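# Residue-level structure breakdown
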Amino acid sequence: MHTVKNFALGLLAAAAVASASDVVQLKKDTFDEFVNANDIVLAEFFAPWCGHCKALAPEYEEAATSLKEKNIRLAKVDCTEEADLCQSYGVEGYPTLKVFRGKDNITPYKGQRKANAITSYMIKQSLPAVSILTKDGLEDFKKADKVVLVAYIDASDKASNETFAEVAEKLRDNYPFGASNDAALAEAEGVTAPAIVLYKDFDEGKSVFSEKFDVEAIEKFAKTASTPLIGEVGPETYSDYMSAGLPLAYIFAETAEERKEISDALKPIAEAQRGVINFATIDAKQFGAHAANLNLKADKFPAFAIQEIAKNQKFPFDQEKEITHDVIKAFVDDFVAGKVEPSIKSEPIPTSQEGPVVVVVAKNYDDVVLDDTKDVLVEFYAPWCGHCKALAPKYEDLASLYAKSEFKDKVVIAKVDATANDVPDEVQGFPTIKLFPAGAKGEPVTYSGSRTVEDLIKFIAENGKYKASVVEETEEAEATEATEPEAAEDAHDEL
């Protein structure tokens, strides 16, 4: 009996350890006290049934444990139990994460939902915009994150100090910033003031900025120097590469060994094109399907392609050729010189337009959508998209109304299968609807209202050049849908 009792006590103890959490669950009567008692708190407002919340939970727990020793606390609030508390902080969806510095200083969390990203973001949030460093504190500061920036500036150089402070305030969510006025420390680090050293735990370990201090120049330096020479594309880095503003060269390979081998061979090319093209490997076993988005065959690896992100153009390298330093160097040099034509995926141009909705493909996109004499409404759709299928009969009705109206030569209602045709426009989900007004084709207007014929007519009339309004002919025009726009379906062209 004694043995059984000890075994049972052991189980209870193990369960207690397993349930221990460094995430503090707060309620209405404990929330204010907790956020006021801690210098900085990240609070997650969640619902138990929320799938994204469940996916976040283990990452959030891991980050909470990492950050506890730094006196950065993570908390959570169950909004199904604390509806009033969640409403008071403007929570409209789950999970919502907010950074609290006391009860009244609140900012949204802008990082990714992975443990290392949460940890990195909150460490940066806990530091001042610029940490003043001494010789004793420099080495620890260098290890505060994967990338840190330290300025070595003479105390009397007011202009450089102000410029660096401005950049630090602007980019504090991205990097920890430090500064020192110690000339001897600058000399020991191999620079002469004014200068900025970007310390990083990859590639060559540090990069130096020694030009005239200018906000834009420092920002560009930070973005370029903080990007790995040849990084890795994955769910955690994809959005960063997409927002970097530079073309991205993909190296697809199925094994880590092969990715390293090709990276080593192409490293001199990446070095020569630093700040012009970003290079990154991608796991072809996990994310090989993404090759099709770059107009590559998704079953033949290794492979190489460049994506011109700003123009959504794809430049796939011939998959029948071997990937070597010399052939890729020639391909990249030709790309930079503008000698490589983009690959354009397109369905055939329709021989005739059978219905009132004009079918657009990549090959006739400019002729139809960018016709400067017409207001053109375009639906970017995917064949598998349920919301697109639900919209189809209403969209046909809309097109019929304009085709029979006095505006038939001034307004075009069109659609394009964005999965089968390369389009120059940013499409985050399906359906995406945009109006390209006559005379202002460079400024399309994205539709975000409810998907009714009546509301689409209002949108065209309010935003088109011709203010074209038509009247619905059926009694169903009286019916209305929910005022909230339907959620976009699966994102397009994402990992």
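As a reminder, the structure under discussion sits directly above these lines.
Values in this document were obtained by computation on a predicted structure and should not be read as measured data.

About the thresholds
Residues numbered from 1 in each chain as written. Predicted model: local features only at pLDDT ≥ 70, side-chain atom pairs only at ≥ 80, totals over all residues. Heavy atoms only, no water. Buried < 20%, exposed > 50% of the residue type's maximum accessible area, 1.4 Å probe, protein only. Helix = DSSP H or I, 4+ residues; strand = E, 2+ residues; numbered from the N terminus. Arc of directions from axis to C-beta. Polar contact = N/O pair within 3.5 Å; in protein donor to acceptor, adjacent residues only side chain to side chain. Disulfide = S-S within 2.5 Å. Pairing = 2+ DSSP bridges. Axes fitted to C-alpha atoms, helices over the stretch in contact; angles between N-to-C directions. Contact = heavy atoms within 4.5 Å. Salt bridge = Lys/Arg side-chain N within 4 Å of Asp/Glu carboxyl O. Right-handed = clockwise from strand over helix to strand, strands pointing away. Phe/Tyr/Trp six-rings, centres within 6.5 Å; stacked < 30°, edge-to-face > 60°. Parallel < 35°, antiparallel > 145°, perpendicular 65-115°, else oblique. Left-handed = near helix turned anticlockwise from the far one by under 90°. Nonpolar A, V, L, I, M, F, W, Y, C, P; charged D, E, K, R; others polar.

### Some details on helix 9 (residues 215–225)
- What helix 9 keeps buried is the set Val 215, Ile 218, Phe 221, Ala 222 and Ala 225. Along helix 9, the residues classed as buried sweep out an arc of 130° about the axis, all on the same side. Opposite the buried face of helix 9, by more than 90 degrees, sit the exposed residues Glu 216 and Lys 220.
- With a side-chain oxygen positioned 3.2 Å from the backbone nitrogen of Glu 216, the residue opening helix 9 is Asp 214.

### Structural notes on the state of the cysteines
- This model, assessed by the stated rule, comprises one disulfide.
- Cys 79 shares a disulfide with Cys 86; S-S distance 2.0 Å. Because the sign of the S-S torsion sets the handedness, a value of about -90° for the bond joining Cys 79 and Cys 86 places this disulfide among the left-handed ones.
- On the basis of relative accessible area, Cys 79 is assigned to the buried category, the value being 5%.

### Things to note about the sheet that holds strand 1 (residues 23–25)
- Across the sheet, which stays open at both edges, the five strands sit in the order 1-3-2-4-5 with mixed pairing between neighbours. The sheet terminates laterally at strand 1 and strand 5 (106–108), the two strands that pair on one side only. Averaged over neighbouring strand pairs, the angle between their axes works out to 30° when direction is ignored.
- Where strand 2 (residues 41–46) and strand 3 (residues 73–78) come together, six bridges link them in parallel fashion. By the bridge assignment, Ala 43 is partnered in strand 3 with Ala 75.
- Each of strand 1, strand 2, strand 3 and strand 4 (96–100) touches helix 3 (residues 51–68); the most contacted strand, strand 2, lies at about 165° to it.
- In this fold helix 5 (residues 115–126) packs onto strand 2, strand 3, strand 4 and strand 5, with an angle of close to 135° to the strand it touches most, strand 2.

### So, the sheet that holds strand 9 (residues 195–200)
- Overall, mixed pairing links the five strands, which are arranged 6-8-7-9-10 in an open sheet. Two strands lie at the open edges of the sheet, namely strand 6 (131–132) and strand 10 (206–209), each paired on one side alone.
- In the packing of helix 7 (residues 158–171) onto the sheet, contacts are made with strand 7 (147–152), strand 8 (177–180) and strand 9, and the angle to strand 8 comes to roughly 160°.

### Considerations on the pattern of salt bridges
- In this structure the tally under the stated criterion is 19 salt bridges.
- Across the pair Lys 297 and Glu 320 runs a salt bridge, and its minimum N-O distance is 3.7 Å. You can see Lys 297 sitting in the loop between helix 12 (284–287) and strand 14 (303–308) and its partner Glu 320 sitting in the loop between strand 15 (313–316) and helix 13 (325–336), a full 23 residues away along the chain.
- For Glu 320, a relative accessible area of 58% puts it in the exposed group.
- The partner of Asp 422 in a salt bridge is Lys 314, with the nearest N and O atoms 3.2 Å apart. Of this pair, Asp 422 sits in the loop between strand 18 (411–417) and strand 19 (432–436) while Lys 314 is found in strand 15, placing the two residues 108 residues apart along the sequence.
- Look at Asp 422 and you get buried, because its relative accessible area is 12%.

### Digging into the pairing of strand 8
- Here strand 8 shows a buried face lined by Phe 177 and Ala 179 and a second buried face lined by Gly 178 and Ser 180.
- Bridge count for strand 6 against strand 8 is two bridges, and the pairing is parallel. Paired with Ile 132 across the strands is Ala 179, a residue of strand 8.
- Both strand 7 and strand 8 contribute to a ladder of four bridges, which runs parallel. When the sheet's bridge partners are listed, Ala 151 is paired in strand 8 with Ala 179.
- The handedness of the strand 7 to strand 8 crossover, carried by helix 7, is right-handed.

### Considerations on the packing of aromatic side chains
- The full count for this structure, using the stated rule, is 20 aromatic pairs.
- Plain terms: the ring middles of Tyr 447 and Phe 459 are 4.9 Å apart, the flat faces sit at 65° to each other, and that makes the pair edge-to-face. Within this pair, whereas Tyr 447 is found in the loop between strand 20 (445–446) and helix 16 (453–463), its partner Phe 459 is found in helix 16, the two being separated by twelve residues in sequence.
- An aromatic cluster is defined as three or more aromatic residues linked by ring pairs; in this entry it consists of Phe 31, Phe 45, Tyr 89 and Phe 100.

### Some thoughts on the packing of helix 3 against helix 5
- For the pair helix 3 and helix 5, interaxial distance at closest approach is 8 Å and the crossing angle is 45°. What the angle tells us is that helix 3 and helix 5 run oblique. As helix 3 packs across helix 5, the resulting crossing turns out to be right-handed. Facing helix 3, whose interface residues are Leu 56, Glu 59, Tyr 60, Glu 62, Ala 63, Ser 66 and Leu 67, helix 5 presents Ala 115, Ile 118, Thr 119, Met 122 and Ile 123.
- Classifying every residue of the contact of helix 3 with helix 5 gives eight nonpolar, two polar and two charged.

### With respect to the packing of helix 11 (residues 256–272) against helix 13
- The geometry of helix 11 relative to helix 13 is characterised by a closest axis approach of 9 Å and an angle of 30° between their N-to-C directions. Classified by the angle their axes make, helix 11 and helix 13 are roughly parallel. In the crossing of helix 11 with helix 13, the sense of the turn from one axis to the other is right-handed. Contact residues: helix 11 offers Ala 265, Leu 266, Pro 268 and Ile 269, while helix 13 offers His 325, Ile 328, Lys 329 and Val 332.
- Residues of the contact of helix 11 with helix 13, tallied by class, amount to six nonpolar, one polar and one charged.

Note that all results are geometric; they support no functional claim without further evidence.
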